[in-house]
Amino acid sequence: MAETHKFTTDRVHYTWHKEHEPILTIDSGDTVVFEIREVSDNQFNFHSTTEAISELDWDYVYPLSGPVYINGAEPGDTLAVKILDLKTKHWGWTAVLPGLGLLAEDYPDVYLRTFDLSDGKYIHFSDDIKVPIDPFLGTMGVCPKDGDGTPIMPPGNFGGNLDVRQLTIGTKLYLPVQQAGALFSCGDGHAAQGDGEVCVSALECPMYASLKFTVIKASEKSIPSPQFQTKGGLTQKVNHDDFYGTTGVGPDLMTGAQEALRSMIDYVSETYAIDKIDAYLLASLCVDLKISEIVDAGQYVVSALLPLSIFDDSEKSIRTKLSYSKFNKFSFSAGGIYKFSPVLFTFAKIYFK
């Protein structure tokens, strides 16, 4: 009969290593409830300021709860992890950290902000901006086959620091088992994140997680790298309003992503009157980077999409500012394309059908 276990709160590890002693042994079909530490392992707290970054000990970043040994799991098998529940604790933080992030050269100075998450629904980024809390674990993985002190960041084909924001409640994650018992670990709780986690931090927070584990034998399912199945509507908490998009176009996807993000930061800063570094943090929490086109003669398109639902209704009337102020330029949202004509002095709206 399947059982539910509570993982101890006083045992974590900071690397992937096949010699880490399992803290908990379970059977296939069992559920484990974890109490996840935030990624700085309590080196930051709700009252921390930017000065705390200079004291950050990177040897104690990425505390993972685990390993969990699952009986019957062998290399070549697949471990299915069903995410039953996730609940953030009362606070979290996001930051620009030294030398990290998609625009590290643009933003060389460190910057830290903390947030009260106690209402359980929103991150109150400012009086006029609130980002829905949509929790997930940034790190879930099995021990890699060559794990011998491997850093938690970056991820690998074993999982790890995937930062896939679709791994929310109800999702099933599939991991390729590489060690006997799988040796599963998890951590790095996020209250919200855009696809890309562009400034290198999401809304980092401590949280509770309830996960169910099932071993699928290699004869039934064997995979080369993580896969997942999630419920439809990938942005359900912001789909009720428009999105604003910027692009980067060129022969390099990384450069395209940077250009799309820079344009998005400019748009948010100019339109909603916030500092660019705060717009950078906001993008990391809710802007989704997407590869829109990758097959057209070596000219690739990366898009950055901003959900306009995060802005207070009184702020949304500002949306047309860009169209008025930059003649003969296109801007677009999920609702349509707008172009201003200084000759006709009229707006033409072309709806997407």
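First, a word on scope: everything that follows refers to the structure included in this document. Note that the structure is a prediction, hence the values are computed from the model and not measured.

Reading the values: the criteria
Residues numbered from 1 in each chain as written. Predicted model: local features only at pLDDT ≥ 70, side-chain atom pairs only at ≥ 80, totals over all residues. Heavy atoms only, no water. Helix = DSSP H or I, 4+ residues; strand = E, 2+ residues; numbered from the N terminus. Buried < 20%, exposed > 50% of the residue type's maximum accessible area, 1.4 Å probe, protein only. Contact = heavy atoms within 4.5 Å. Areas by Shrake-Rupley, 256 points an atom, 1.4 Å probe, with all protein chains shown as cover. Phe/Tyr/Trp six-rings, centres within 6.5 Å; stacked < 30°, edge-to-face > 60°. Lys NZ or Arg CZ within 6 Å of the ring centre and 35° of its normal. Salt bridge = Lys/Arg side-chain N within 4 Å of Asp/Glu carboxyl O. Pairing = 2+ DSSP bridges. Axes fitted to C-alpha atoms, helices over the stretch in contact; angles between N-to-C directions. Polar contact = N/O pair within 3.5 Å; in protein donor to acceptor, adjacent residues only side chain to side chain. 1 Å grid on protein atoms, 1.4 Å probe; cavity = no way out; pocket = protein on both sides within 12 Å on 5 of 7 lines; lining within 4 Å. Points joined across faces, edges and corners; volume = space filled by probe spheres on them.

### Some words on the overall build of the chain
Regarding its fold elements, the chain presents three helices and 23 strands. Going through the 353 residues of the chain one by one, you find that 50% of them count as buried. The contacts in the chain between residues at least 6 apart in sequence include a share of 76% that link residues at least 24 apart. Within the structure as shown, the chain displays about 16,400 Å² of accessible surface, and the carbon and sulfur contribution to it stands at 52%.

### Observations concerning the packing of aromatic side chains
A complete count under the given rule lists eleven aromatic pairs for this structure. An angle of 50° between the planes, with centres 6.4 Å apart, marks the rings of phenylalanine 34 and phenylalanine 184 as tilted. Of this pair, phenylalanine 34 sits in strand E4 (residues 31–36) while phenylalanine 184 sits in strand E15 (residues 184–190), placing them 150 residues apart in sequence. Each member of the pair, phenylalanine 34 as well as phenylalanine 184, is classed as buried. Judged by centre distance (5.8 Å) and plane angle (20°), the rings of phenylalanine 115 and phenylalanine 125 are stacked. With a gap of ten residues between them, phenylalanine 115 in strand E8 (residues 111–116) and phenylalanine 125 in strand E9 (residues 122–126) connect regions that are remote in the sequence. On the basis of relative accessibility, which here comes to 4%, the residue phenylalanine 125 falls in the buried class. Through successive ring pairs, a cluster of aromatic residues spans Phe7, Phe34, Phe184 and Phe213. Positioned above the aromatic ring of phenylalanine 125, the side-chain terminus of arginine 113 is 4.4 Å from the ring centre.

### Some thoughts on the pattern of salt bridges
One pass over the structure, following the stated rule, counts eight salt bridges. A salt bridge links aspartate 106 to arginine 262; the shortest N-O distance between them is 2.7 Å. Placement of the pair is aspartate 106 in the loop between strand E7 (91–96) and E8 and arginine 262 in helix H1 (residues 253–272), with a sequence separation of 156 residues. What makes aspartate 106 partly exposed here is its relative accessible area of 36%.

### Description of the sheet that holds strand E3 (residues 24–26)
Taken in spatial order, the five strands of this open sheet run E3-E5-E15-E11-E13, and their pairing is mixed. Two strands bound the open sheet, and with one partner strand each, they are E3 and strand E13 (159–160). Looking at chain direction, E3 and strand E5 (residues 64–70) are connected through three bridges and run parallel. Across the sheet, residue threonine 25 finds its bridge partner in E5, namely tyrosine 69.

### Here we look at the environment of threonine 168
Topologically, threonine 168 is positioned in the loop between E13 and strand E14 (172–176). Discounting chain neighbours no more than four positions away, the residues touching threonine 168 are Ile83, Leu86, Asp134, Pro135, Phe136 and Thr230.

### A few points about the sheet that holds strand E17 (residues 227–229)
Ordered in space as E1-E4-E16-E6-E14-E17, the six strands form an open sheet in which the pairing is mixed. The open sheet has two edge strands, strand E1 (4–6) and E17, and neither has a second partner. Each strand of the sheet is rotated relative to its neighbour by a mean of 25°, with strand direction disregarded.

### Brief notes about the side chain of threonine 78
With respect to the secondary-structure elements, threonine 78 resides in strand E6 (residues 78–88). According to the relative accessible area criterion, threonine 78 is buried, its value standing at 0%. Among the polar contacts listed, one links the side chain of threonine 78 to the backbone oxygen of lysine 221, at a separation of 2.8 Å. Excluding residues that lie within four positions of it along the chain, threonine 78 makes contacts with Tyr174, Leu175, Val177, Thr214, Val215, Ile216, Lys221, Ser222 and Ile223.

### Overview of empty space enclosed by the protein
Considering all chains together, one arrives at three cavities of 30 Å³ or more under this definition. In this structure, the largest cavity encloses a volume near 220 Å³. Surrounding the largest cavity, 19 residues form its lining, Asp134, Arg165, Gln193, Val238 and Leu285 being those nearest its centre. For the lining of the largest cavity, the elements supplying multiple residues, two or more each, are strand E10 (129–132), helix H2 (276–286) and strand E20 (300–307).

### What to know about the environment of serine 185
Within the secondary structure, serine 185 sits in strand E15. Considered as a pair, serine 185 and valine 142 are 43 residues apart in the sequence and their alpha carbons are 6.4 Å apart. The contact partners of serine 185, leaving out residues within four places of it in the chain, are His13, Trp16, Leu64, Ser65, Gly66, Pro67, Thr139, Met140 and Gly141. Among the polar contacts made by the side chain of serine 185, one reaches the side chain of histidine 13 at a distance of 2.7 Å.

### So, the pairing of E4
Looking at chain direction, E1 and E4 are connected through three bridges and run parallel. For threonine 4, the partnering residue across the bridge sits in E4 and is threonine 31. Across six bridges, the pairing between E4 and strand E16 (residues 207–216) is antiparallel. Paired with phenylalanine 34 across the strands is alanine 209, a residue of E16.

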